[in-house]
Amino acid sequence: MTASESPTPIRVGVIGAAGRMGSQTCCAVEEASDLDLVARIGDGDDLQAVLDARAQVIVDFTVPDASLGTVLWAIEHGIHAVVGTTGWTDEKLDQVRAALEQSPTVGVLIAPNFAIGAVLTMRFAEIAARYYESAEIIEMHHPRKLDAPSGTAAHTAAAIARGRAEAGLGAVPDATASDPHGARGAVIDGIHVHAVRQQGLVAHEVVQFGGAGEQLQLRHDSFDRASFMPGVLLGVREVASRPGLTVGLDQYMDLG
Ligand code: NAP
């Protein structure tokens with residue numbers, strides 16, 4: 001290829017194209033000169049249109065009940081998948097892994113959060129967790145969000161738990177003996193997680209660490225869905241070169 005020739009654009013199909021994230025993704029793909037938006041799929045549309053358009057990568061922003069079926073379909077047809085839909089369980093991930101054994105060249109990226117800052121917050125939280133006795137997470141989203149706590153908060157809790165385990169820290173200190181209303185929130189991997197649903201918010205996370213005489217707060221705010229697009233496009237560009245299942249955009253970023 002000479003310097004004047006540009007590489008062939010990656011052919012992209014967006015599933016959930018009329019939704020909040022899907023429509024933003026369509027715009028971002030259309031604006032990228034190295035990507036070609038070839039299919040927009042909504043609820044009730046036939047996925048055959050993705051095949052007819054010879055899409056190489058699909059991006060899925062739909063609902064938890066639909067996403068697994070779409071990803072399995074993509075794997076079966078040799079199409080790479082970048083998935084932002086949340087609500088994935090270990091059982092669903094195992095089904096994806098099993099399907100990928102039959103199609104070992106296909107790449108699937110499932111990312112609970114495509115915002116670069118949110119991915120960095122998870123990484124920073126894992127590092128900070130080693131140094132603080134107390135850690136809690138507050139996640140805040142718009143009231144139309146279907147699942148709680150957010151996938152990002154659950155992954156952040158897991159990252160903190162890994163950091164604590166590496167440092168040999170035990171349980172977070174908490175003398176609460178009575179909590180009839182669940183005021184202490186959910187407990188994920190030993191970390192308390194509080195979910196706020198409030199009009200006007202998009203996606204926000206505060207990770208709060210406490211030690212003797214000090215507090216460290218990590219905060220990330222997505223004010224606009226545009227914040228997710230650099231991560232989505234990174235996934236679209238990279239997924240074909242990363243066969244198998246990848247969970248988390250951090251795996252595609254050089255975080256040391
Ligand atoms: P949304 O606005 O409700 O969009 C979902 C879209 O998917 C709707 O247009 C819906 O169509 C469509 N849909 C439902 N089932 C479908 C199917 N089987 N095939 C094709 N399309 C289907 O929701 P959103 O805010 O965009 O969020 C979508 C998902 O992304 C959620 O799981 C959310 O938690 C997640 N999310 C992830 C990130 C991230 O960074 N990973 C960021 C934000 C949101 P109808 O309305 O006509 O049914």
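Residues numbered from 1 in each chain as written. Predicted model: local features only at pLDDT ≥ 70, side-chain atom pairs only at ≥ 80, totals over all residues. Heavy atoms only, no water.

**A word on the packing of helix H3 (residues 64–76) against helix H4 (residues 90–102)**
What counts is decided by this rule: Simply put, an axis is a line fit to the C-alpha atoms, just over the touching stretch for a helix, and the angle between two N-to-C directions goes from 0 to 180 degrees. The way it works is that DSSP assigns letters per residue, a run of H or I at least four long becomes a helix, a run of E at least two long becomes a strand, and they are numbered from the N terminus. For classification, angles of less than 35 degrees are called roughly parallel, those exceeding 145 degrees roughly antiparallel, those between 65 and 115 degrees roughly perpendicular, and all remaining angles oblique. Whether two residues are in contact is decided by their heavy atoms, any of which lying within 4.5 Å being enough. Gly falls in the polar group here, along with every residue not listed as nonpolar (Ala, Val, Leu, Ile, Met, Phe, Trp, Tyr, Cys, Pro) or charged (Asp, Glu, Lys, Arg).
At a minimum axis separation of 9 Å, H3 and H4 run at an interaxial angle of 10°. As summarised for this structure, H3 and H4 are arranged roughly parallel, according to the angle between their axes. The segment H3 lies against H4, with Pro-64, Leu-68, Val-71, Leu-72 and Ile-75 engaging Lys-92, Gln-95, Val-96, Ala-99 and Leu-100. Class assignment for the residues of the contact of H3 with H4 results in 8 nonpolar, 1 polar and 1 charged.

**With respect to empty space enclosed by the protein**
Note the following rule: Here a cavity is any set of points on a 1 Å grid over the protein atoms alone where a 1.4 Å probe fits but cannot get out, and a pocket is any open set with protein on both sides within 12 Å along at least 5 of 7 lines; a residue lines the site when it has an atom within 4 Å of a point. Grid points are joined across faces, edges and corners, and a volume is the space filled by probe spheres set on the points.
If you walk through the whole model with that rule in mind, you get 1 cavity of 30 Å³ or more. By volume, the largest cavity amounts to about 70 Å³. Lining the largest cavity, in full, are Asn-113, Ala-118, Glu-139, His-141, Ser-150, Thr-152, Ala-203, His-204, Glu-205 and His-220. Broken down by secondary-structure element, the contributors of at least two residues to the lining of the largest cavity are strand E6 (134–141) and strand E9 (203–211). With 3 residues, the single largest contributor to the lining of the largest cavity is E9.

**Description of a negative patch on the surface**
Where we set the bar: Patches were defined on residues exceeding 30% relative accessible area and lacking a salt bridge, with like-charge contacts within 9 Å and nonpolar side-chain contacts (Val, Leu, Ile, Met, Phe, Trp, Tyr) within 5 Å. All accessible areas in this document rest on Shrake-Rupley with a 1.4 Å probe, and a residue is counted as covered only by the protein chains that are shown. For this analysis, a salt bridge means a side-chain nitrogen from Lys or Arg found within 4 Å of a carboxyl oxygen belonging to Asp or Glu. Charge convention: Lys and Arg are scored as positive, Asp and Glu as negative, and His as well as the terminal groups of each chain are ignored. Here the site of a charge means NZ on Lys, CZ on Arg, CG on Asp, or CD on Glu. In this scheme, a residue with accessible area under 20% of its type's maximum is buried, one over 50% is exposed, and one in between is partly exposed, where area comes from a 1.4 Å probe on protein chains only.
Residues Asp-43, Asp-45, Asp-46 and Asp-52 make up a contiguous surface patch of negative charge. Summarising the element assignment, Asp-46 is placed in the loop between strand E2 (35–41) and helix H2 (48–52). A relative accessible area of 57% places Asp-46 in the exposed class.

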